[in-house]
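# Overview (structure and organization)
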Amino acid sequence: MPSVSFWLAYLAFGCAAGIIAGLLGVGGGIVVVPALYFLFTAQGLPHAHIMQMALGTSLATIVFTSVASFRAHDKRGAVRWDIFKSITPGILIGSLLGAWVAAQLSTKFLKGFFVAFLYYVSIQMILNIKPKPTRSIPGTAGMFATGGGVGLISNMVGIGGGTITVPFMTWCNIPIHVAVGTASAIGFPIAAAGVIGYIANGLGKADLPGMSIGYIYLPALIGIVATSMLTAKYGAKLAHALPVGTLKRVFALFLLAMATRMLWSMF
């Protein structure tokens, strides 16, 4: 059982994850994964499984956060359910595959992969790199392939996929607020399939800590969800009222610092 200080940390990061999920459409996992990595390390959880547990637990929190986020966006008419339906089959397959791949890899490799992904996201935000809206949403085969790739990568880094799906939809001429809202809905099947995968691949691991179901660590899940469910809807409201571009750049600097800290700890 974690100490009071760790419970408070889970609650605090849950607040941040919920707001970020609703506000930026990048998924709270981009904050939750590195936070869980450092918290799990400080708790002395088995190092060999720390990244898998951080990724799996992050995805479990997104199951709840995404519901609160996309409901708030849907009330504003900012979710394209036709896109959601067409991309979900590929998402489910890719997410299950991503969870399986992550379970086969070492904590060090997953950590390095996540750090590289954080640098990519940070630079994209700081430079405000946006694909030119030059085409429309692809057909069934194209959406299945896109969903498969999104699900695979998202489950290997423990996120809801917004850092990939928002630029993709913008490229397909979807307005940014609709892309953010739709991405929050797409995060649900990414996370749900991922949770199934991380539970299945973690069952039977003898050295996992108590209060775990597969690679899902329940105390962290409960603490983060308790606050993220409350704050996600406020993040969605802020997304329609604040200069999101400026906020993304500030957030990107935070991500850079987080990525550098994780990279430093590898040596």
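Let us look at the structure shown here. (Residues numbered from 1 in each chain as written. Predicted model: local features only at pLDDT ≥ 70, side-chain atom pairs only at ≥ 80, totals over all residues. Heavy atoms only, no water.)

## Some details on the pattern of salt bridges
Two side chains carrying opposite charge are able to pair once their charged atoms lie near each other. Inspection of the entire model under this criterion finds one salt bridge. Note that Asp-82 and Arg-80 form a salt bridge whose closest N and O atoms lie 2.8 Å from each other. What makes Asp-82 partly exposed here is its relative accessible area of 44%. Overall, Arg-80 belongs to the partly exposed group, its relative accessible area being 30%. (Salt bridge = Lys/Arg side-chain N within 4 Å of Asp/Glu carboxyl O. Buried < 20%, exposed > 50% of the residue type's maximum accessible area, 1.4 Å probe, protein only.)

## As for the layout of surface pockets
Considering only enclosed or pocket space, the second largest pocket measures out at about 240 Å³ in volume. Around the second largest pocket sit Ala-68, Arg-71, Ala-72, Lys-75, Arg-76, Met-229, Leu-230, Lys-233 and Lys-237, which together line it. Elements supplying a minimum of two residues to the lining of the second largest pocket: helix H3 (50-75) and helix H9 (218-239). A class-by-class count of the residues in the lining of the second largest pocket yields four nonpolar, no polar and five charged. (1 Å grid on protein atoms, 1.4 Å probe; cavity = no way out; pocket = protein on both sides within 12 Å on 5 of 7 lines; lining within 4 Å. Points joined across faces, edges and corners; volume = space filled by probe spheres on them. Helix = DSSP H or I, 4+ residues; strand = E, 2+ residues; numbered from the N terminus. Nonpolar A, V, L, I, M, F, W, Y, C, P; charged D, E, K, R; others polar.)

## Here's the deal with the packing of aromatic side chains
On inspection of all chains with the given rule, the structure shows nine aromatic pairs. Aromatic side chains Trp-7 and Tyr-10 sit 6.3 Å apart centroid to centroid with 85° between the ring planes, which places their arrangement in the edge-to-face category. With Trp-7 and Tyr-10 both in helix H1 (residues 4-24) and three residues apart, this pair spans about one turn of that helix. Here Trp-81 and Phe-84 contribute two aromatic rings whose centre-to-centre distance is 5.2 Å and whose plane-to-plane angle is 80°, an arrangement assigned as edge-to-face. Taken together, the residues Trp-81 and Phe-84, both in helix H4 (residues 81-104) and three residues apart, mark about one turn of the helix. Clustering of aromatic rings is evident, with ring pairs tying together Phe-70, Trp-81 and Phe-84. (Phe/Tyr/Trp six-rings, centres within 6.5 Å; stacked < 30°, edge-to-face > 60°.)

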